[in-house]
Amino acid sequence: MPRGRYVRLKTRLPDAATAARYLLYWQSTDLYHHAEDFPQLDSISLFGNQHPLELEVGCGTGEFLCTLAARTPQTNYVGVDLARKAVFLAVDNAARLGLTNIMFIKADIMLVLPLLVPESLQSVYLHFPAPHIQARHRRRGILSQRFVDGIYRALVINGRLSIMTDQPAVVCQIGNLTRDDRRFETVREEEAMPEMDAALKSKYQQMWERKGRAFERLEVYKRSLLALLLCVVTGLALVACSTPGASEQTVVPTATPTPRELSQQVGAATLAVQSMHFGIEVSGAPVPAEPSGFFALVSMEGDMQRPDGVMATVKVKSITGVAEVRVVSLAGQQYVTNPITRQWMCVPPGVAFDPAILFDPQVGMEQLLQTDIEDVTLVGIEDLDGRPHYHLRGTVPGERLQAISYGTLGAGAVTADLWAEMDTLRATRVVLVDTSTDANRPSTWSMQFSEYDKDVDLRVPPGVDC
Ligand SMILES: C[S@@+](CC[C@H](N)C(=O)[O-])C[C@H]1O[C@@H](n2cnc3c(N)ncnc32)[C@H](O)[C@@H]1O
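Everything numeric in this text was worked out from a predicted model, so none of it was measured. (Residues numbered from 1 in each chain as written. Predicted model: local features only at pLDDT ≥ 70, side-chain atom pairs only at ≥ 80, totals over all residues.)

## What about the overall build of the protein chain?
- A count of helical and extended segments in the protein chain gives 14 helices and 20 strands.
- Scored against the burial criterion, the 466 residues of the protein chain give a buried share of 35%.
- Pairs at least 24 residues apart make up 65% of the contacts formed inside the protein chain by residues separated by at least 6 positions. (Helix = DSSP H or I, 4+ residues; strand = E, 2+ residues; numbered from the N terminus. Buried ≥ 20, exposed ≤ 12 C-beta atoms within 10 Å, placed from the backbone. Contact = placed C-beta atoms within 7 Å.)

Below, the structure is given as structure tokens:
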């Protein structure tokens, strides 16, 4: 059966005033080549207010969206469709009803997605989309990971994506993309649609109904961070995450880890790593590297191997400039190179900053994350190097940091930001900000950890015998 088209629709261009009020007419080539010339889309930019905003993708002639807009004047609606004639008719409908809370954009939704302001949409409707199920058409279709990702980004927390269709393949395609995607929760996935208010039926819904077609419906919503945490961190919740209609089933209650507990888990997971690469950048007020204060720490980069080995290249700054020294710390003995002669020499314990203490199983960073970080909050889940990370923030008592930073940090409490991979819970980044010495130029340690459990060739430097 041929699917409906708009070719026979009789339309005319809306007059200038109506077009100015209801229509944005965007060419794909302009959107593609000059996206920066187009506005970011949210309620403010489209309607000049902050009312909730809902989007219909492929709104066709706009009957469904106009009915919603007439019924809910405190919500704004925007319909996007590629088909020029359909959009002109939608504009005509809105103008006849005198609606003030609706706009239509004639454009390709795939080019509009990047313009949607993150967390700006309350609901997205994809009702009776063209299926494009044949392989040769799939490239044109909107039933793609890129579409799902774009919609996820634009939805508010708990905002929903509603799909209605006469094509089981459509629900299957979107269902496959959202069902195992923990960012979404399926509200319902039904083979038959509930009885619907006639006025809310779209043009295509009415048409397929007349032809006696069956419909399917899928509704998912964007999980809150806490719900996402529940799913990712607790194995139990995975059952609920992957089961359609889970929210309507009895979910086994399970404790969500608090940010404090997460920080403890991150400390433990990082402590379990046998070796890793690290880099530390120091900025702000100078951090002395030895008691005279003549040398200030600039950066260090190297490898750590448990139980007590570190080798690193350390950059220090003095009035004469920046110098580089190599450091090896093994079994409690520290060796450094003379910055001028580059000869290795032994450093008696306690005479200079020893990077090995940062990873000491009793007092190092991993232990600190487990026991000494206070007032921990979850800032969010963020992408670092393409992988999702927990971002936690807390404070560390100054005296606790003095112990591991050779007294260079921690005259007062220090703010700690911590990023850890969501799947392994291993720390990949820690930023310590000490405002107590100089509030305007806080001493800041930015530490990066990577290459966990790699092989490290760590040995006593040649030619030294301490
Ligand atoms: C089958 S019609 C359904 C229209 C309306 N939702 C309804 O139920 O009556 C599908 C609509 O999606 C539109 N469409 C298809 N691909 C699109 C895209 N990439 N961007 C915007 N609209 C698109 C088509 O122009 C068409 O109007």
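## Some thoughts on unusual backbone geometry
- Pro307 follows Arg306 through a cis peptide bond whose omega is 10°.
- Structurally, Pro307 is set in the loop between β11 (296–305) and β12 (309–318).
- Not every positive phi belongs to a glycine, and Arg342 is a case in point at roughly 65°.
- The backbone of Asp375 shows a phi angle near 50°, a positive value even though the residue is not glycine.
- With respect to the element layout, Asp375 can be found in strand β16 (residues 374–384).

## Structural notes on the sheet that holds strand β5 (residues 121–127)
- With respect to topology, eight strands assemble into an open sheet ordered β1-β4-β3-β2-β5-β6-β8-β7, the strand pairing being mixed. Among the strands making up the open sheet, the edge pair consists of β1 (23–25) and β7 (184–190). Across this sheet, the average inter-strand angle for adjacent strands is 15°, counted without regard to direction.
- With six bridges connecting them, β5 and strand β6 (residues 155–165) associate as parallel partners. By the bridge assignment, His127 is partnered in β6 with Met164.
- Relative to the sheet, helix α7 (residues 145–154) contacts β5, β6 and β8 (216–222), its axis offset from that of β6 by approximately 140°. (Pairing = 2+ DSSP bridges. Axes fitted to C-alpha atoms, helices over the stretch in contact; angles between N-to-C directions.)

## As for the packing of helix α4 (residues 63–71) against helix α5 (residues 84–97)
- Running from N to C, α4 and α5 point in directions that differ by 25°, and their axes come no closer than 9 Å. One way to sum up the angle between α4 and α5 is to call them roughly parallel. Taken as a pair, α4 and α5 cross one another with a handedness that is right-handed. For the pair formed by α4 and α5, the contact residues are Glu63, Cys66 and Ala70 on the first element and Asn93, Ala94 and Leu97 on the second.
- Residue composition of the contact of α4 with α5, by class: four nonpolar, one polar and one charged. (Parallel < 35°, antiparallel > 145°, perpendicular 65-115°, else oblique. Left-handed = near helix turned anticlockwise from the far one by under 90°. Nonpolar A, V, L, I, M, F, W, Y, C, P; charged D, E, K, R; others polar.)

## As for the site of the ligand
- Surrounding the ligand, one finds 20 residues, the nearest of these being Gly58, Gly60, Phe128, Ser202 and Tyr204.
- Of all the elements in the fold, those that place two or more residues in the shell around the ligand are β3 (76–81), α6 (109–112) and α9 (203–210).
- For the shell around the ligand, the element with the highest residue contribution is α9, accounting for three residues.
- Considering only residue class, the shell around the ligand consists of twelve nonpolar, five polar and three charged. (Near = placed C-beta within 6 Å.)

## Considerations on the confidence of the model for the protein chain
- For the protein chain, the average pLDDT comes to 84, and 87% of its residues sit at 70 or higher.
- Every residue in residues 235–255 scores below 50 in pLDDT, and together they form 26 contacts with partners more than four places removed in sequence or on other chains. (pLDDT = per-residue confidence, 0-100.)

## Considerations on helix α12 (residues 259–271)
- With 13 residues, α12 extends 18 Å from end C-alpha to end C-alpha; this agrees with the ideal 18 Å at 1.5 Å per step.
- Every buried residue of α12 is listed here: Leu262, Ser263, Val266, Gly267 and Thr270. The buried residues of α12 occupy an angular sector of 140° when the element is viewed end-on, so they sit on one face.
- Packed against the buried residues of α12 are α13 (365–371), β16, β17 (387–396), β18 (414–421) and β19 (427–434). (Expected span 1.5 Å × (residues − 1). Arc of directions from axis to C-beta.)

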